[in-house]
Amino acid sequence: MANKQTNFIYHIHPEKVPASTIRFTHTFGLGGMALVLFLLQIVTGILLKFVYEPTPDKAYDSILFMQNHLLFGHYIRNIHHLSGTLLIFVALFHLLRVFFTEAFYGPRSSNWIIGVVIFIIILFSNFTGYLLPWDQLSYWAVTVVTQMLSYIPVVGPELTSFVRGGKEVGAATLLTFFNFHTAVLPFALIILLLFHFWKVRQAGGVVVPRNRNHNGKGIIPVVPELVVRELVTGLILLAVIFLLAVFIDAPLRERANPAYSPNPAKAPWYFLGIQELIMHFHPFIGVVIIPVTLFTLLFYLPCFPFRIRNTGIWFSSSKGRKMALISALLALVIHPILIVASEYLIHFNTWFPSLLPVISGGLFPLILYSIIFLLYLFYIIRRYKPLSNEIVQAVFVYFLVTYTVLSITAIFFRGPGMALMWPWKIS
Amino acid sequence: MKEETHKEVNEQAPGVESPGGRRNFIRKFWGWIGLIAGLEMTWVSLTFLNGGKKKKESSETSYTEIARAEDIPENSVFPYRAGRLYLCHLKDGGFLALSLRCTHLGCSIGWDKDQEEFRCPCHASRFSITGTVLNPPATRPLDIYPLKIDNGMIMVDLAHPAPRKSFNPGQETKA
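Sequence order as written defines the numbering, with residues in each chain counted from 1. Naming scheme: in the order in which they are written, chains are lettered from A and ligands are numbered from 1. Reporting of local features is limited, given that this is a predicted model, to residues whose pLDDT is at least 70; pairs of side-chain atoms are given and counted only at 80 or more, and all residues count toward the totals for whole chains, interfaces and linings. Hydrogens and water are ignored here; the side-chain numbers use all heavy atoms of the structure.

Asker: Just to check I follow, could you spell out the overall build of chain A for this structure?
Answerer: Elements are defined by DSSP. Helices are runs of H or I of four residues or more, strands are runs of E of two residues or more, and each kind is numbered from the N terminus. In terms of regular secondary structure, chain A is built from 16 helices and two strands. Atoms counted for the radius of gyration: C-alpha only. Globule rule: 2.2 Å times residue count to the power 0.38. For 427 residues, the compact-globule estimate of 2.2 N^0.38 gives 22 Å, and the C-alpha radius of gyration of chain A, at 24 Å, lies within 12% of that figure. For every residue, the accessible area obtained with a 1.4 Å probe (protein chains only) is divided by the maximum for its type, and the residue is called buried under 20%, exposed over 50%, and partly exposed between those limits. In chain A, which comprises 427 residues, the proportion classed as buried is 47%. Considering only residue pairs separated by 6 or more positions, chain A has 81% of its internal contacts joining residues 24 or more positions apart. For chain A, the separation between the mean place of its 29 positive charges and that of its 15 negative charges on side chains is 16 Å. Contacts: residue pairs with any heavy atoms within 4.5 Å of one another. When charges are counted, Lys and Arg are positive and Asp and Glu negative, with His and the chain ends excluded. Charge coordinates come from a single atom per side chain, which is NZ of Lys, CZ of Arg, CG of Asp or CD of Glu.

What follows is the structure, given as structure tokens:
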């Protein structure tokens, strides 16, 4: 039985696993899907690399050439774009699955941190790839995002010109982004992914509810039971992407023109929540304080002193489920109201013109927002008397929904001049 | 046998006060060598990341002729997109060369003739003809280019836009 092929598989999977863990709904196969998408990115990316030329004069033309004169050139680019976008979603859902089944304790705590790092690298892989077509969309998105860096205290302006390799986005930026996109980040990802998988194997596979008693019953061999399921999931995913890529075109606007920004100029969709945030807060708060705080908490998650661990149970408990739901609903109601209020009613900047902008436009809205958040927190604690992990989960859901609301607002409800308007009014 | 060697190593491993401290010294030595190697590698990487990028930035000032002063009416602006700037002729007769980069996120601003103000398409920041912020989220005035007027010809140093805290009449150049 133990031939060479299966031997290799046992480096990745245990020999036997509980039958309950191979049900599709146990993990939704998200980690495996992310891997398939990553491999697809490597293959299509290498193909694109043979045609693409990373200079401002030639980049756009090489894309045009690829799309118009190369057999399946357009199709390969579509696959690369689609699968890159999907990778963000799949990796995010994978992270959420791990979070909501509390699979970040014990032997998995370091793997949670590696996972968050991988997620951040995926975002930056996507972002560095965004510039490469050198069209109006990519040029201005990168201009906007790199300018956000300049609000980091002390090193900000230097950092921006370092990342851009000059005063504005240009040839040096393109070359740097190209190399990060095609060498540095994929290489880092491969190393981290290997580490990630090894850590999963070390922890004895995917998470299982700890109170479930197996007693040898319901234990099944990985080959063929699990491996075949993984293969099927991967193949279905590939089939879906190959089909969708026929119909969904990767965007390509006019050639980049550094003298005219399109109206509105938006960051890539995954950073648009931050762009929306700095419509309401001073950039220092929106770009530095809030994201850094949230990501620090995310890294710190496995180290919170939780007294009771509900490992492997979706949403921790039935109380946890209710709290998550109410948090989501509250965030869904509160934030659209706040956005509209901030757009039309609340103008701390103009009310206190004599104060520093970082105080009037930054600190004041932050205090106002914190009061609302604390009211929410007070409410759920009073009403549910929850455990610490249920609170953490509820707050996580609250901010997750908040970022989603911000992103959707910026993607669909912001027209020319980034003015708030209905999606059907934006032509 | 294997087990024993392992144990032996383990006993030595804390190495807080091993006799002579030679083992300790060697371990630290390798640590420092590794650190230095790491720093060197970082330095080389940064040099390469910066490689060739600073070539074009020279400290020399060279002025480019943009337009004749009498061609720009008072209280109006003249876009010079190739140099990423607007020439502004103020009401009091002074000239300013303002960067067309919004100071908020770097989008290129446009001049609204009716409202007589600059508008940024990205976040709706507005600036007056002197580059002063009229509407946030921008927090500081538009950058300014060095400008001089020679025999009625407006000349601008395109390589050196400079940030400023606020507008003052000293920044204007009169014909």
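We are not done yet, so read on.
Asker: Explain empty space enclosed by the protein to me, please; I cannot follow it from the model alone.
Answerer: Regions of empty space are outlined by a rolling probe, equal in size to a water molecule, passed over the atoms. Residue and element names in this part refer to chain A. We place a 1 Å grid over just the protein atoms. Points where a 1.4 Å probe fits but has no way out form a cavity, open points with protein on both sides within 12 Å along at least 5 of 7 lines form a pocket, and any residue with an atom within 4 Å of a point lines it. Grid points are joined across faces, edges and corners, and a volume is the space filled by probe spheres set on the points. Using the criterion set out here, one finds one cavity of 30 Å³ or more in the structure. Estimated volume of the largest cavity: approximately 40 Å³. In terms of lining, the largest cavity is formed by Phe99, Glu102, Phe104, Phe306, Asn389, Val392 and Gln393. Among the elements that take part in the lining of the largest cavity, helix α16 (residues 388-412) stands out by supplying three residues, more than any other.

Asker: What's the story with helix α13 (residues 318-344) of chain A in this structure? I'm lost.
Answerer: Given 3.6 residues per turn, any residue in an α-helix points the same way as the ones three and four places further on. All names here are of chain A. Working rule for helices: expected span equals 1.5 Å times residues minus one. Helix length check: α13 (27 residues) gives 40 Å between terminal C-alpha atoms against 39 Å at 1.5 Å per residue, within 8%. Buried residues of α13: Gly320, Met323, Ala324, Ser327, Ala328, Ala331, Ile334, His335, Ile339, Ala341 and Ser342, and no others. Close packing links the buried residues of α13 with α11 (272-280), α15 (357-384) and α16.

Asker: Whenever I open this one, the pattern of salt bridges confuses me. Can you help?
Answerer: Side-chain pairs of opposite charge can arise where the charged atoms are in close proximity. All names here are of chain A. For this analysis, a salt bridge means a side-chain nitrogen from Lys or Arg found within 4 Å of a carboxyl oxygen belonging to Asp or Glu. All chains considered together, the criterion is met by 11 salt bridges over all chains. With its nearest N and O atoms 3.1 Å apart, the salt bridge here joins arginine 414 to glutamate 343. Here arginine 414 is found in the segment after α16, whereas its partner glutamate 343 is found in helix α13, with 71 residues between them in sequence. The class for arginine 414 is buried, based on a relative accessible area of 1%. Given a relative accessible area of 22%, glutamate 343 falls into the partly exposed group.

Asker: Just to check I follow, could you spell out the interface of chain A and chain B for this structure?
Answerer: The parts lose accessible area when they come together, and the size of an interface is often stated as this lost area. The interface is formed by 32 residues belonging to chain A together with 25 residues belonging to chain B. Values labelled buried area give the accessible surface lost by two parts on being combined, using a 1.4 Å probe and summing over both. Carbon and sulfur atoms make up 57% of the area that chain A and chain B hide from each other, which totals about 2,400 Å². In terms of surface lost to chain B, no three residues of chain A exceed A:Phe162, A:Lys167 and A:Ala259, which account for 21% of the buried area on that side. For the interface between chain A and chain B, the tally reads two salt bridges. Residues A:Glu168 and B:Arg84 are paired through a salt bridge, measuring 2.9 Å at the closest nitrogen-oxygen approach. Here a polar contact is taken to be a pair of N or O atoms separated by no more than 3.5 Å, where protein atoms must pair a possible hydrogen donor with a possible acceptor and residues adjacent in sequence count only if both atoms sit in side chains. Our enumeration of links across chain A and chain B arrives at seven residue pairs in polar contact (both at pLDDT 80 or more). Going through the elements one at a time, α7 (136-149), α9 (171-202) and α11 of chain A are the ones with two or more residues in the side of chain A that touches chain B. If you tally residues by element for the side of chain A that touches chain B, the top one is α7(A), at six residues. In this count, Pro and Cys sit with the nonpolar residues alongside Ala, Val, Leu, Ile, Met, Phe, Trp and Tyr, while Asp, Glu, Lys and Arg are called charged and the others, Gly among them, polar. The residue inventory of the side of chain A that touches chain B, partitioned by class, reads 19 nonpolar, 11 polar and two charged.

Asker: Please explain the packing of aromatic side chains as it appears in this structure.
Answerer: Each aromatic ring pair is summarised here by two numbers: the centre-to-centre distance and the angle between the ring planes. Residue and element names in this part refer to chain A. Aromatic rings from Phe, Tyr and Trp, taking only the six-membered ring of Trp, are treated as a pair when their centres fall within 6.5 Å; an angle between ring planes under 30 degrees marks them as stacked, one over 60 as edge-to-face, and anything in between as tilted. As enumerated under the stated definition, the model contains 36 aromatic pairs over all chains in all. Ring geometry for phenylalanine 99 and tryptophan 112: centres 6.4 Å apart, planes at 45°, overall tilted. Separated by 13 residues along the polypeptide, phenylalanine 99 in helix α5 (residues 73-100) and tryptophan 112 in helix α6 (residues 109-131) bring together distant segments of the chain. Given the relative accessible area of 3%, phenylalanine 99 is considered buried. When the ring of phenylalanine 104 is compared with that of tryptophan 112, the centres are 5.6 Å apart and the planes differ by 55°; the resulting orientation is tilted. The same class applies to phenylalanine 104 as to tryptophan 112, namely buried.

Asker: I keep staring at the packing of α13(A) against α16(A) and nothing clicks. Help me out?
Answerer: In helix packing, the relevant descriptors are the interaxial angle and the interaxial distance, both defined with respect to the helix axes. Residues and elements named next belong to chain A. Under this scheme, a helix contributes an axis fitted over its contacting stretch, all axes are lines through C-alpha atoms, and angles between N-to-C directions fall in the 0 to 180 degree range. Closest axis-to-axis distance for the α13/α16 pair is 8 Å, and the angle between their directions is 35°. The crossing of α13 and α16 is right-handed. For the contact of α13 with α16, the class distribution of residues is 15 nonpolar, six polar and three charged. Note on convention: the crossing is left-handed when the near helix lies turned anticlockwise from the far helix by less than a right angle, right-handed when the turn is clockwise.

Asker: Would you mind showing me how to read the domain arrangement of chain A here?
Answerer: All names here are of chain A. Start and end points for every domain follow an automatic or database-based domain assignment. One can read the domain layout of chain A as domain 1 (8-251) and domain 2 (268-285 + 295-427). Distance between the C-alpha centres of domain 1 and domain 2: 26 Å. Each partner contributes to the interface: domain 1 provides 37 residues, whereas domain 2 provides 30 residues. Around 3,100 Å² of area is buried between domain 1 and domain 2 when both sides are counted, 79% of it from carbon and sulfur atoms. A per-residue breakdown of the area domain 1 buries against domain 2 is headed by Phe100, Glu102 and Tyr105, which together make up 22% of the total.

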